[in-house]
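# Observations on chain architecture
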Amino acid sequence: MDRRSLSHRLSVLADAAKYDASCASSGTAKRNSANGKGIGSTEGMGICHAYAPDGRCISLLKILLTNLCIFDCHYCINRKSSNVERARFTPQEVADLTLSFYRRNYIEGLFLSSGIVKSSNHTMEQLVETARILREEHDFRGYIHLKAIPEADPELLDAAGRLADRVSINVELPTQAGLTRLAPDKSAPQIEQAMGGLKDAIVEAKDAKKRFRSAPQFAPAGQSTQMIVGADGASDVAIIGRASGLYQAHRLRRVYYSAFSPIPDASAVLPLKRPPLIREHRLYQSDWLIRFYGYGAREVQDAAEADGMLPLDIDPKLAWALRFRERFPVDVNRAPREALLRVPGLGVKAVDALIAARRHRTVRLADLARLTVSVAKIRPFIVAADWRPTALTDRVDLKALITPSAQEQLELFAA
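Structural notes, computed from the coordinates. Throughout this description, residue numbers start from 1 for each chain and increase along the sequence as written. Reporting in this predicted model follows two pLDDT cut-offs: at least 70 for local features of residues, and 80 or more for side-chain atom pairs to be given and counted; totals over whole chains, interfaces and linings ignore these cut-offs and use all residues. Calculated side-chain values reflect all of the structure's heavy atoms, with hydrogen atoms and water omitted.

## Examining the overall build of the chain
- The number of helices and strands found in the chain is 15 helices and 9 strands.
- Relative accessible area decides the class of each residue, using a 1.4 Å probe on protein chains only: under 20% of the type maximum gives buried, over 50% gives exposed, and in between gives partly exposed. Of all 415 residues assigned to the chain, the portion counted as buried reaches 51%.
- Pairs at least 24 apart in sequence give 66% of the contacts found in the chain among residues at least 6 apart. Numbering of helices and strands runs from the N terminus, with a helix taken as a DSSP run of H or I at least four residues long and a strand as a DSSP run of E at least two residues long. Residue contacts are counted whenever heavy atoms from the two residues lie within 4.5 Å of one another.

Now the structure itself:
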């Protein structure tokens, strides 16, 4: 196979991998060395950025082993009936690409997924073989994230976990009814069973590591999953409930949301329009509230409107505060951390800084102004040494008073 052919297949399979959101990416200015000046490129196909558990931003080669697929999921551009160009790598080719990119300092790891070719077991064997070549033949110590195929034998999923830093199985859709209708080849119970097996193996490996230093690791970065938003009729309340259940049942590191994108030659059962991207953003904010702000799933669901959807014009934390005004105002000099985290406009860092400051002196409104982007947003919800909102908290037009224009939407997690 010549290099042009390899490059062409890389462009096809890297493009096919972009729909998987469980490897967060970030943009940068486009640069390349095609004119012979300099070295390196930010336009390299399939290179995305993710964040390690310690907060480091790492570059990953994000590709599919193949976009051939025997499944016919209606929402997937790589489905069997899709009219897209097909391509395929061998495990050796992916390993060589990874090493080549790594030596050029383009990447620090690999994110590898695949369409289902021949059978689930055959495809999983190919994914595992790629990781094995890297780990055992080349002693590759970079980050590897493998997509696990729930229909594959447990022994293959176990082998994947032994070689990869992170494994993930996509639940695909929030409801079993949606999965049955749009992905008839997949089984929700089988997906849950496979995720449960990975969880048990991760827990067992961590326990063994505490007792034996030489115990082998199993997916030390945990497992994650992804849900497509807007392809079926699931409401935000249903999605939040499903995500919360997955976190509790399988100890997931992360649930990713991917707004459905209309695809070429789309099935007639799919929506004609994609959901607004702000809906995906609101779901990530609700996820943050549960994971870092101490909200229960039921509480975040209570922020939704009568149709079960989170408001798009304000973040779910502010929506919850406006609905449950009897919980405010909060005295910033006396309230526990849990209550402070519920004040719109106060993020985790701001609350921690506030608690540290009040150990030494009484907190005033001017002190809060230095900790938040807009003190106007928090004033209706707090009491400070020199401030009381009096009737402001209960004003009928409070939302209009503190909600900025769309261009100036305050960030939920602003410190």
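## Here we look at the side chain of H145
- Along the polypeptide, H145 turns up in strand 4 (residues 143-147).
- Among the polar contacts made by the side chain of H145, one reaches the side chain of S168 at a distance of 2.7 Å. Side-chain atoms alone can form a polar contact between residues adjacent in sequence; in general such a contact is a pair of N or O atoms within 3.5 Å, and within protein one must be able to donate a hydrogen while the other accepts it.

## What about the nonpolar core?
- For the purposes of this section, nonpolar cores are sets of buried Ala, Val, Leu, Ile, Met, Phe, Trp, Tyr and Cys residues that join through side-chain atoms within 4.5 Å. Judged by nonpolar contacts, the single largest core of 112 residues is most densely connected at I63, Y75, M124, Y257 and F381.
- Here this core gets 8 residues from one element, more than from any other, and that element is helix 6 (residues 188-211).
- Dropping the residues within four chain positions of it, M124 is found in contact with K147, A148, I149, A152, L156, L157 and A160.

## Describing a positive patch on the surface
- There is a patch of like positive charges on the surface, built from K206, K210, R251 and R253.
- Its location among the elements puts K206 in helix 6. Here a patch means residues that are over 30% exposed by relative accessible area and free of salt bridges, tied together within 9 Å if like-charged and within 5 Å if nonpolar (Val, Leu, Ile, Met, Phe, Trp, Tyr). Working definition of accessibility: Shrake-Rupley area with a 1.4 Å probe, residue cover restricted to the visible protein chains. Should a side-chain nitrogen of Lys or Arg be within 4 Å of a carboxyl oxygen of Asp or Glu, the pair is scored as a salt bridge. Charged-residue counts in this description rest on Lys and Arg as positive and Asp and Glu as negative, His and the chain ends being excluded. Charge positions are represented by NZ for Lys, CZ for Arg, CG for Asp and CD for Glu.

## Some thoughts on helix 10 (residues 316-323)
- Counting buried positions along helix 10 gives 7 out of 8 residues, so the element sits mostly inside the fold.
- Capping of helix 10 at its N-terminal end is provided by D315; its side-chain oxygen lies 3.0 Å from the backbone amide nitrogen of K317.

## Remarks on the packing of aromatic side chains
- Two aromatic rings, drawn from Phe, Tyr or Trp (for Trp, its six-membered ring), form a pair once their centres lie within 6.5 Å of each other, and the interplanar angle then sorts them: stacked below 30 degrees, edge-to-face above 60, tilted otherwise. This structure, assessed with the given rule, holds 8 aromatic pairs.
- Relative to F324, the ring of W320 lies with its centre 5.2 Å away and its plane at 35 degrees, an arrangement referred to as tilted.
- Look at W320 and F328: their rings are 6.3 Å apart centre to centre, the planes differ by 80 degrees, and that puts the pair in the edge-to-face class.
- On the accessibility criterion, W320 (3% relative accessible area) is buried.
- Comment: the charge-over-ring label is applied if NZ (Lys) or CZ (Arg) is within 6 Å of the ring centre and within 35 degrees of the ring normal. The ring of W320 has R342 lying over it, and the distance from NZ or CZ to the ring centre is 5.0 Å.
- The ring of W387 carries the charged tip of R379 above its face, separated from the ring centre by 5.4 Å.

## Re helix 4 (residues 154-163)
- Among all positions in helix 4, only L156, L157, A160, G161 and L163 are buried.
- Taken together, the buried residues of helix 4 touch helix 3 (120-137), strand 4, strand 5 (166-168) and helix 6.

## Concerning the state of the cysteines
- We call a pair of cysteine sulfur atoms a disulfide when they lie within 2.5 Å. Applying the stated criterion across every chain yields a total of 0 disulfides.
- No disulfide involves C69; its sulfur sits 6.3 Å from the nearest other cysteine sulfur, which is in C76.
- Of the residues examined, C69 reaches a relative accessible area of 18% and is grouped as buried.
- In this structure C76 is not part of a disulfide, and its nearest cysteine sulfur, from C73, lies 6.1 Å away.
- Owing to a relative accessible area of 25%, C76 belongs among the partly exposed residues under this scheme.

## Description of the pairing of strand 4
- The buried count for strand 4 comes to 5 of 5 residues, which makes it a mostly enclosed element.
- Here strand 3 (residues 109-113) pairs with strand 4 via 4 bridges, running parallel. Residue pairing for strand 4: G109 is matched across the bridge by Y143.
- Seen with its strands pointing away from the viewer, a crossover is right-handed when the path leading from the first strand over the helix to the second is clockwise. Taken together, strand 3, helix 3 and strand 4 form a β-α-β motif whose crossover is right-handed.
- Any two strands with at least two DSSP bridges between them are considered paired. Where strand 4 meets strand 5, 3 bridges bridge the pair, whose relative direction is parallel. The residue bridging K147 from the neighbouring strand is S168, located in strand 5.

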